[in-house]
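Each chain is listed here by its residues.
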Amino acid sequence: MTVRELAAQLSLRELAMPDGDREVEGGYTGDLLSWVMGRAQSGDAWITIMSNLNIVAVASLADVACVILAEDVVPEQDVVKTAMAKGVNLLGAKESSFALSAAVAKAVQ
Amino acid sequence: MSTDLSETVRCMTEGLQFHFDVDGDNFTSAGQASVQVKKNLRQLGIPPETIRRVSIAMYEGEINMVIHAGGGTADVYVNESSIVIVLDDTGPGIPNIEQAMQEGFSTAPDTIRSLGFGAGMGLPNMKRYTDEMQIESTVGVGTKITMKVNL
Ligand SMILES: Nc1ncnc2c1ncn2[C@@H]1O[C@H](COP(=O)(O)OP(=O)(O)OP(=O)(O)O)[C@@H](O)[C@H]1O
Ligand SMILES: [Mg+2]
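Residues numbered from 1 in each chain as written. Chains lettered and ligands numbered in written order. Predicted model: local features only at pLDDT ≥ 70, side-chain atom pairs only at ≥ 80, totals over all residues. Heavy atoms only, no water.

## What to know about the sheet that holds strand 1 (residues 13-16) of chain A
Residue and element names in this part refer to chain A.
Here is step 1: The strand order across the open sheet built from 5 strands is 1-5-4-3-2, with neighbouring strands paired in mixed fashion. Only two strands of the sheet have a single neighbouring strand rather than two, namely strand 1 and strand 2 (26-29). Neighbouring strand axes in the sheet, compared pairwise and without regard to direction, differ in orientation by 25° on average.
Here is step 2: Relative to strand 4 (residues 66-69), strand 3 (residues 44-48) is paired through 4 bridges, and the arrangement is parallel. What sits directly across from I47, in strand 4, is I68.
Here is step 3: Running at roughly 75° to strand 1, helix 4 (residues 79-86) makes contact with strand 1 and strand 5 (90-92) of the sheet.
Here is step 4: Helix 5 (residues 97-108) rests against strand 2, strand 3 and strand 4 of the sheet, and its axis sits at about 170° to strand 3. (Pairing = 2+ DSSP bridges. Helix = DSSP H or I, 4+ residues; strand = E, 2+ residues; numbered from the N terminus. Axes fitted to C-alpha atoms, helices over the stretch in contact; angles between N-to-C directions. Contact = heavy atoms within 4.5 Å.)

What follows is the structure, given as structure tokens:
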């Protein structure tokens, strides 16, 4: 399933989608950035409530398929713009990280 | 950490080199050197999984220099057999390297933790994602970390 398809299926808000055709292969949920870099896999949907600019670099270097901001957190200044520039897909949702994890797991099965 | 650096030093005298000054004052732009290296390695046709390991290890080191040492320099050397990353700072140094290497050990202040750093997983990640890693640190003088990823 592509990021675009996942966003449509789960009714995720599109904050930045420079690479909507990227394939989502799994998921990782967490807010501690070094845990994400150590444990997330390339192609994962990364679910988090962290909204500062550093998430863009982490997402890019960890090579995740997309970032999903849970709980309607609002990305801080420049996050959307930088995500767009760095080719990082950024989505938003009002659901909790738990609910999103379950939904993503079901969708990519 | 591993100590045989003769090969590493040899590698540094051949091949390509990238140099970066890592600004210690700008936390939000931290990681620019690593993102640039990722781009350069992609252009060189390095395998994606290798690029991922190198760029994460370098990013962790780069962020550490920003958070814990007020910035420093990063040099990346590429030849046919390996990629070597050297991170050098003149920060406070690491008093107990063995302790710093443990998962979960961190001296990061609360302001940094609120941004998602400070889990004490950076140095362990650097070790895990590279084939060799050496830390040289002197309290009050600085820290030099050399990492090597085989190609
Ligand atoms: N360049 C450095 N100069 C001085 N101290 C350092 C340096 N790098 C690491 N340290 C020390 O080692 C500790 C562990 O580093 P590590 O990267 O594993 O965790 P962290 O940076 O605290 O958190 P995380 O990397 O998970 O965000 C740091 O908290 C700090 O005390
Ligand atoms: Mg760290």
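## Here we look at the interface of chain A and chain B
Here is step 1: Listed by partner, the interface residues are 22 residues for chain A and 23 residues for chain B.
Here is step 2: Of all residues in chain A, M37, N54 and L61 of chain A give up the largest surface area on contact with chain B, accounting jointly for 34% of the area buried on that side.
Here is step 3: The interface formed by chain A and chain B contains 0 salt bridges.
Here is step 4: Put simply, chain A and chain B have 10 residue pairs in polar contact (both at pLDDT 80 or more) between them.
Here is step 5: Grouping the constituent residues of the side of chain A that touches chain B by class yields 11 nonpolar, 7 polar and 4 charged. (Buried area = accessible area lost by both parts, 1.4 Å probe. Salt bridge = Lys/Arg side-chain N within 4 Å of Asp/Glu carboxyl O. Polar contact = N/O pair within 3.5 Å; in protein donor to acceptor, adjacent residues only side chain to side chain. Nonpolar A, V, L, I, M, F, W, Y, C, P; charged D, E, K, R; others polar.)

## Details of the site of ligand 1
Here is step 1: Close to ligand 1 lie 21 residues; N64, S106, T107, G118 and M121 of chain B are nearest.
Here is step 2: Close to ligand 1, residues of chains A and B are found.
Here is step 3: Interatomic distance of 2.5 Å between a side-chain N/O atom of S106 of chain B and an oxygen atom of ligand 1.
Here is step 4: Here an oxygen atom of ligand 1 sits 2.5 Å away from a polar atom, N or O, in the side chain of T107 of chain B.
Here is step 5: Here ligand 1 has 600 Å² of accessible area as a free molecule, and 96% of this is covered by the chains.
Here is step 6: Breaking the shell around ligand 1 down by element, the ones donating at least two residues are helix 3 (48-69) and helix 6 (122-129) of chain B.
Here is step 7: Take the shell around ligand 1: its biggest share by element is 4 residues, from helix 3 of chain B.
Here is step 8: Grouping the constituent residues of the shell around ligand 1 by class yields 9 nonpolar, 10 polar and 2 charged. (Near = heavy atom within 4 Å. Areas by Shrake-Rupley, 256 points an atom, 1.4 Å probe, with all protein chains shown as cover.)

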